Amino acid sequence: MAKTYVQGYYGCSCHPYKDWDDLKYYEKQKLSPGDRVKQRCTRRIGIILGPTENHSGFFHIKYGELPKDHQTIHVQNAIKVNEHGREIRKRNR
């Protein structure tokens, strides 16, 4: 039997989720301004500036000091990391 391919609505085809539970975990995670996150596809580490104006699951991320270093990504593409760049995952697996 073939392995299930889980991408999600806002995911990328090059970094699928392990399973549906994995996708749901990232969709439901709570992000706050100041949290360090890693973007799922590019692996760039940045700081959450805050949610977008309509709070639709998108957040503004700051990767550097220049305006071009600011990006908007969906919560399911953000991986919370600690100061060493390792994933913070509060989940029993």
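Analysis parameters
Residues numbered from 1 in each chain as written. Predicted model: local features only at pLDDT ≥ 70, side-chain atom pairs only at ≥ 80, totals over all residues. Heavy atoms only, no water. Helix = DSSP H or I, 4+ residues; strand = E, 2+ residues; numbered from the N terminus. Buried < 20%, exposed > 50% of the residue type's maximum accessible area, 1.4 Å probe, protein only. Contact = heavy atoms within 4.5 Å. Areas by Shrake-Rupley, 256 points an atom, 1.4 Å probe, with all protein chains shown as cover. Lys, Arg positive; Asp, Glu negative; His and termini not counted. Charge placed at Lys NZ, Arg CZ, Asp CG, Glu CD. Arc of directions from axis to C-beta. Polar contact = N/O pair within 3.5 Å; in protein donor to acceptor, adjacent residues only side chain to side chain. Pairing = 2+ DSSP bridges. Axes fitted to C-alpha atoms, helices over the stretch in contact; angles between N-to-C directions. Core = buried A, V, L, I, M, F, W, Y, C linked by side-chain atoms within 4.5 Å.

Novice: If you had to explain the overall build of the chain to someone new, which residues and values would you point to?
Specialist: A tally of regular secondary structure across the chain gives one helix and five strands. Its C-alpha atoms give the chain principal-axis dimensions of about 50 × 25 × 20 Å. Burial status across the chain gives 37% buried among its 93 residues. If you take every contact in the chain between residues at least 6 apart in sequence, the share linking residues at least 24 apart comes to 43%. For the chain, the computed accessible surface area is about 6,400 Å², with 52% contributed by carbon and sulfur atoms. Computed over 18 positive and 10 negative side-chain charges, the separation of the two mean positions in the chain equals 4 Å.

Novice: Could you give an account of unusual backbone geometry, with specific residues and numbers?
Specialist: Positive phi, close to 65 degrees, is recorded for Arg-43, a residue that is not glycine. Residue position: Arg-43 is located in the loop between strand 1 (36-39) and strand 2 (45-51).

Novice: Describe in detail helix 1 (residues 20-28), supporting the description with residues and values.
Specialist: Asp-22, Leu-23, Tyr-25 and Tyr-26 are the residues of helix 1 that are buried. The buried residues of helix 1 all sit within an arc of 155 degrees when viewed along its axis, so they share a single face. Among the exposed residues of helix 1, those oriented more than 90 degrees off its buried face are Trp-20 and Lys-28. Close packing links the buried residues of helix 1 with strand 5 (78-80). The N-capping residue of helix 1, defined by a side-chain oxygen 3.2 Å from the backbone nitrogen of Asp-21, is Asp-19.

Novice: Break down the pairing of strand 1 for me, with residues and values.
Specialist: Where strand 1 and strand 2 come together, three bridges link them in antiparallel fashion. Its bridge partner lying in strand 2, Val-37 is registered against Gly-46.

Novice: Lay out the sheet that holds strand 1 in plain terms, naming residues and giving numbers.
Specialist: Taking strand neighbours across the sheet as the criterion, the five strands line up as 4-3-2-1-5 in an open arrangement whose pairing is antiparallel. One side of each edge strand has no neighbouring strand; the edge strands of this open sheet are strand 4 (70-74) and strand 5. Within the sheet, the average angular offset between the axes of one strand and its neighbour, ignoring direction, is 50 degrees. Strand direction decides the pairing type here: strand 3 (residues 58-62) and strand 4, joined by five bridges, are antiparallel. Following the sheet pairing, Phe-58 is matched in strand 4 by His-74.

Novice: Explain the nonpolar core to me, using residue names and the numbers behind them.
Specialist: Leu-31, Val-37, Ile-48, Phe-59, Ile-61, Tyr-63, Ile-73, Val-75 and Ala-78 form the largest nonpolar core, which has nine residues in total. Residues Val-6, Tyr-17, Tyr-25 and Tyr-26 belong to the second largest nonpolar core, which totals six residues.

In short, shape yes, function no, at least from these values alone.
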